[in-house]
Every structure is written in structure tokens, then in C-alpha cells.
Amino acid sequence: METKKYSSYAEIERDLEILKLEKEINYQKLVLSFQRIKESITPHSIVSGVFSSYKEYFSKSYPKILQSILPYIINWFINKKRGK
């Protein structure tokens, strides 16, 4: 890092003010990020996230589930009608 040479106290004060503002901006960004994380970790968002992932999984595998379960359901109805 290059050492900066100042010719007046006004330049030093200006750079210090810029650094102070940058520090405050970074602090506010950190606070905002923390608030967003805190809001995203509510029970409602967790449950909805879990259900949406299961919904997506079952919607893709629904035909496979039906193909594997359907013969058992048909046999159950046939056996129920015969009285077994």
C-alpha cells in the first residue's frame, strides 16, 4: 500500500471524514444483512421452504409413486369386493 502525502490538515480531515462515512455505510450494510437473515429464519419461512421443496420433489416423482402403488390399491379393492 502506498503512503499518501498530505500538504494540509484540510486534506487529512477530508480523508478522515470519507473513512468515517465508509465505516458507517459498511456498518449499516451489516445491520441490514443481519435483519434480513433474522427475518428469513422465522418458523413460517422455514416451514414454507420445507413444504415447497417436498412439493417440488413429489410433483416430479408423482407418476412413479402412482405406478408403484396403483396395483396394490386395485388388489385391495378386488379383495374387498370378494369379501377376503
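Everything here concerns the structure above.
Engineer: I tried to follow the overall build of the chain on my own but got confused; where do I start?
Structural biologist: A tally of regular secondary structure across the chain gives two helices and zero strands. In terms of overall dimensions, the chain is more spread out than a globule: its C-alpha atoms have a radius of gyration of 32 Å, far above the 12 Å expected for 84 residues. Seen through its C-alpha atoms, the chain measures out along the principal axes to roughly 100 × 25 × 15 Å. If you sum the accessible surface of the chain, you get close to 8,500 Å²; carbon and sulfur atoms cover 64% of it. Taking the 15 positively charged and 9 negatively charged side chains of the chain as two groups, their mean positions are separated by 29 Å.

Engineer: Hey, could you run me through the packing of aromatic side chains in this one?
Structural biologist: Each aromatic ring pair is summarised here by two numbers: the centre-to-centre distance and the angle between the ring planes. Evaluation of the coordinates by the stated rule reveals one aromatic pair. With a centroid separation of 5.0 Å and an interplanar angle of 65 degrees, the aromatic rings of Trp76 and Phe77 are classed as edge-to-face.

Engineer: Hey, could you run me through the pattern of salt bridges in this one?
Structural biologist: Where side chains of opposite charge bring their charged atoms close, a pairing between them can arise. Enumeration according to the criterion identifies two salt bridges in this entry. Of the charged contacts in the structure, one is a salt bridge between Asp15 and Lys4, with a shortest N-O distance of 3.0 Å. A residue pair is termed long-range when its members are at least 10 positions apart, and Asp15 in helix H1 (residues 9-40) and Lys4 in the segment before H1 qualify at eleven residues. For Asp15, a relative accessible area of 14% puts it in the buried group. The salt bridge partner of Arg14 is Asp15, with a shortest N-O separation of 3.8 Å. Judged by relative accessible area, which is 46%, Arg14 ranks as partly exposed. Taken together, the salt bridges that share partners define one network made up of Lys4, Arg14 and Asp15.

Engineer: Looking at this model, I keep getting lost on the side chain of Asp15. Mind explaining?
Structural biologist: Among the polar contacts made by the side chain of Asp15, one reaches the side chain of Lys4 at a distance of 3.0 Å. With residues near it in sequence (within four places) discarded, Asp15 still touches Lys4 and Tyr6.

Engineer: Sorry if this is basic, but what is going on with a nonpolar patch on the surface here?
Structural biologist: Nonpolar side chains collect at one region of the surface, where Ile65, Ile69, Leu70, Ile73, Ile74, Trp76, Phe77 and Ile78 lie side by side and expose about 700 Å² of accessible area between them. The topology assignment puts Ile73 in helix H2 (residues 43-82).

About the criteria used
- Residues numbered from 1 in each chain as written.
- Predicted model: local features only at pLDDT ≥ 70, side-chain atom pairs only at ≥ 80, totals over all residues.
- Heavy atoms only, no water.
- Helix = DSSP H or I, 4+ residues; strand = E, 2+ residues; numbered from the N terminus.
- Rg over C-alpha atoms; globule rule 2.2 N^0.38 Å.
- Areas by Shrake-Rupley, 256 points an atom, 1.4 Å probe, with all protein chains shown as cover.
- Lys, Arg positive; Asp, Glu negative; His and termini not counted.
- Charge placed at Lys NZ, Arg CZ, Asp CG, Glu CD.
- Phe/Tyr/Trp six-rings, centres within 6.5 Å; stacked < 30°, edge-to-face > 60°.
- Salt bridge = Lys/Arg side-chain N within 4 Å of Asp/Glu carboxyl O.
- Buried < 20%, exposed > 50% of the residue type's maximum accessible area, 1.4 Å probe, protein only.
- Polar contact = N/O pair within 3.5 Å; in protein donor to acceptor, adjacent residues only side chain to side chain.
- Contact = heavy atoms within 4.5 Å.
- Patch = residues over 30% accessible without salt bridge, like charges linked within 9 Å, V, L, I, M, F, W, Y side chains within 5 Å.

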